[in-house]
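# Geometric and topological summary
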Amino acid sequence: MLLYGDYHTHTIYSHGVGDIIDNARIAKQKGLKQLAITDHGFDHKLFGVDRNKIPEMKKKIEMAEKETGLDIFLGVEANFKSLDGTIDVLQEDLQYLEILNLGFHRFVKTDLSNKFSLFYPNIMHIKTKSQIKKNTNMVLKALDKYPINTLVHLNYGFQVDINAIAPVALQRGTAIEINGKKNCLSDKEILILAEKGVKMILNSDAHIPEKVGEVNLSLNIVERLNLPHELIVNLDKNFLEKKRN
Ligand SMILES: [Zn+2]
Ligand SMILES: [Zn+2]
């Protein structure tokens, strides 16, 4: 398959409908070599992962790896909590998280000041220069504080300035996701990322097992914008080589 791995998938541990083994079996069927289980961050009010379930998830991942032969990573899709760049992952969580995705979501536990300065304005789709600046600075601060692997579905639910984020993502080695379900980056923004040499990643954001590895929307963008394949971290380079020869 063209895709080496899918690094953003959900299970019953947040609000996905399949268990870990279901995502793994579909990933194997579709020819993926790697898979990440990245359920919603711990402080999501409706479906955040329960930290007490982590050992159980680890065990299920081990079993699924044995059955399918895939590398399966335990990760999380963390939430922004406040404008100072705090996310809902603690330093002590980092020891067992192999993949740290980060995105903006509603219904996150926060304080009153961030409700008014971060959540309400974005939920009301306020896109003033000053709000975009606040959002962007929050992303930059989070990149500075945490080892973020991927910024997922940027501009979904909040607007940021890609020009400001690109150089920092590049320097930190953080990939920007082209989400297979809901890409909210414009062609222009994606081309800015490509021009600056920022790594990009194509993920399904599957909430049902059958959708694991489904990134046609993202692949279409890669092809249409003629993005350099070496910038797309999860394209199978061996497959591409074979195709070229
Ligand atoms: Zn999300
Ligand atoms: Zn997600």
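Scroll up to find the structure this text is about.
What you see is a predicted model, and the numbers here were worked out from it, not measured in a lab. (Residues numbered from 1 in each chain as written. Chains lettered and ligands numbered in written order. Predicted model: local features only at pLDDT ≥ 70, side-chain atom pairs only at ≥ 80, totals over all residues.)

## Some points on helix 1 (residues 20-29)
Formally: Here a residue counts as buried when 20 or more other C-beta atoms fall within 10 Å of its C-beta, as exposed when 12 or fewer do, and as partly exposed in between; the C-beta atoms come from the backbone. The helix and strand labels rest on DSSP assignments: H or I over at least four residues marks a helix, E over at least two residues marks a strand, and numbering proceeds from the N terminus. Throughout, the arc means the angular range of directions from the helix axis out to the C-beta atoms. The contact criterion used is a C-beta to C-beta distance within 7 Å, with each C-beta placed from the backbone.
Buried within helix 1 are the following residues: Ile 20, Asn 23, Ala 24, Ile 26 and Ala 27. Projected down its long axis, helix 1 shows its buried positions confined to an angular sector of 165°, all on one face. On its buried face, helix 1 sits against strand 1 (5-9), strand 2 (34-40), helix 2 (54-68) and strand 3 (71-79). In the segment just after helix 1, Gly 31 is the residue with positive phi, at about 85°.

## What about the sheet that holds strand 6 (residues 175-179)?
For the record, the criterion: Two strands are said to pair when DSSP picks up at least two bridges between them. Interaxial angle, 0 to 180 degrees, is taken between N-to-C directions of lines fitted to C-alpha atoms, where a helix line uses only the stretch in contact.
Taken in spatial order, the 7 strands line up as 1-2-3-4-5-6-7 in an open sheet, and their pairing is parallel. Every other strand in the sheet has two partners, leaving strand 1 and strand 7 (200-203) as the edge strands with one partner each. Relative to strand 6, strand 5 (residues 150-151) is paired through 2 bridges, and the arrangement is parallel. Paired with Thr 150 across the bridge in strand 6 is Ala 175. Each of strand 2 and strand 3 is contacted by helix 2, which is oriented at about 145° to strand 3, the strand it contacts most.

## Side note on unusual backbone geometry
If you check the backbone angles, His 125 has positive phi at about 60° while not being a glycine. Its location among the elements puts His 125 in the loop between helix 3 (112-123) and helix 4 (129-145). Residue classification places His 125 among the exposed positions, given that 10 C-beta atoms sit within 10 Å. Backbone geometry places Asp 205, a non-glycine residue, at a positive phi of 55°. By secondary structure assignment, the location of Asp 205 is in the loop between strand 7 and helix 7 (216-224).

## Things to note about the environment of Leu 83
Following the sequence through the fold, Leu 83 ends up in the loop between strand 3 and strand 4 (99-103). You can call Leu 83 partly exposed: it has 16 C-beta atoms within 10 Å. Separated by 31 residues in sequence, Leu 83 and Asn 114 have C-alpha atoms that sit 6.8 Å apart. When near neighbours in sequence (up to four residues on either side) are disregarded, Leu 83 contacts Asn 114, Ser 117, Leu 118, Lys 134 and Met 138.

## Notes on the nonpolar core
Rules: Joining buried Ala, Val, Leu, Ile, Met, Phe, Trp, Tyr and Cys residues through C-beta atoms within 7 Å gives a set, and that set is a nonpolar core.
By size, the foremost hydrophobic cluster in this structure holds 53 residues, and its most contacted members are Leu 102, Leu 151, Ile 176 and Met 200. The greatest single-element share of this core, amounting to 4 residues, is contributed by helix 1.

## Thoughts on the pairing of strand 1
The condition is simple: For the handedness criterion, the strands are oriented away from the viewer, and a crossover whose path from the first strand over the helix to the second runs clockwise is classed as right-handed.
In terms of burial, strand 1 is a largely internal element, 5 of the 5 residues being buried. Inspection of the sheet shows strand 1 paired to strand 2 by 3 bridges, in the parallel sense. Note that in strand 2 the partner of Asp 6 across the bridge is Leu 35. Read from strand 1 through helix 1 to strand 2, the crossover connection turns out right-handed.

## Some words on the packing of helix 4 against helix 5 (residues 162-172)
Where we set the bar: An angle counts as roughly parallel when it lies under 35 degrees, as roughly antiparallel when it exceeds 145, as roughly perpendicular when it falls between 65 and 115, and as oblique in every other case. Residues are grouped as follows: Ala, Val, Leu, Ile, Met, Phe, Trp, Tyr, Cys and Pro are nonpolar; Asp, Glu, Lys and Arg are charged; every other residue, Gly included, is polar.
Running from amino to carboxyl end, helix 4 crosses helix 5 at an angle of 5°, the nearest separation of the two axes being 10 Å. With respect to each other, helix 4 and helix 5 are oriented roughly parallel. When helix 4 is examined against helix 5, the residues Thr 136, Val 139, Leu 140 and Leu 143 are found in contact with a partner set consisting of Ala 164, Ile 165, Val 168, Ala 169 and Arg 172. Considering only residue class, the contact of helix 4 with helix 5 consists of 7 nonpolar, 1 polar and 1 charged.

## Examining the pairing of strand 4
With 4 of its 5 residues buried, strand 4 lies for the most part within the structure. In the sheet, strand 3 pairs with strand 4 via 5 bridges, with the strands oriented parallel. For Glu 77, the partnering residue across the bridge sits in strand 4 and is Asn 101. Sheet analysis places strand 4 next to strand 5, joined by 2 bridges and oriented parallel. Across the sheet, Leu 102 pairs through a bridge with Leu 151, a residue of strand 5.

## Observations concerning the packing of helix 5 against helix 6 (residues 187-196)
For the record, the criterion: If you view the pair so one helix is near and one far, a crossing is left-handed when the near helix is turned anticlockwise from the far one by less than a right angle, and right-handed when it is turned clockwise.
Viewed as axis vectors pointing N to C, helix 5 and helix 6 meet at an angle of 35°, and their least axial separation amounts to 10 Å. Of the two possible hands of crossing, helix 5 and helix 6 adopt the one that is right-handed. Two secondary-structure elements touch here, helix 5 through Ile 162, Asn 163, Ala 166, Pro 167 and Leu 170 and helix 6 through Glu 189, Ile 192, Leu 193 and Lys 196. When grouped by side-chain class, the residues that make up the contact of helix 5 with helix 6 number 6 nonpolar, 1 polar and 2 charged.

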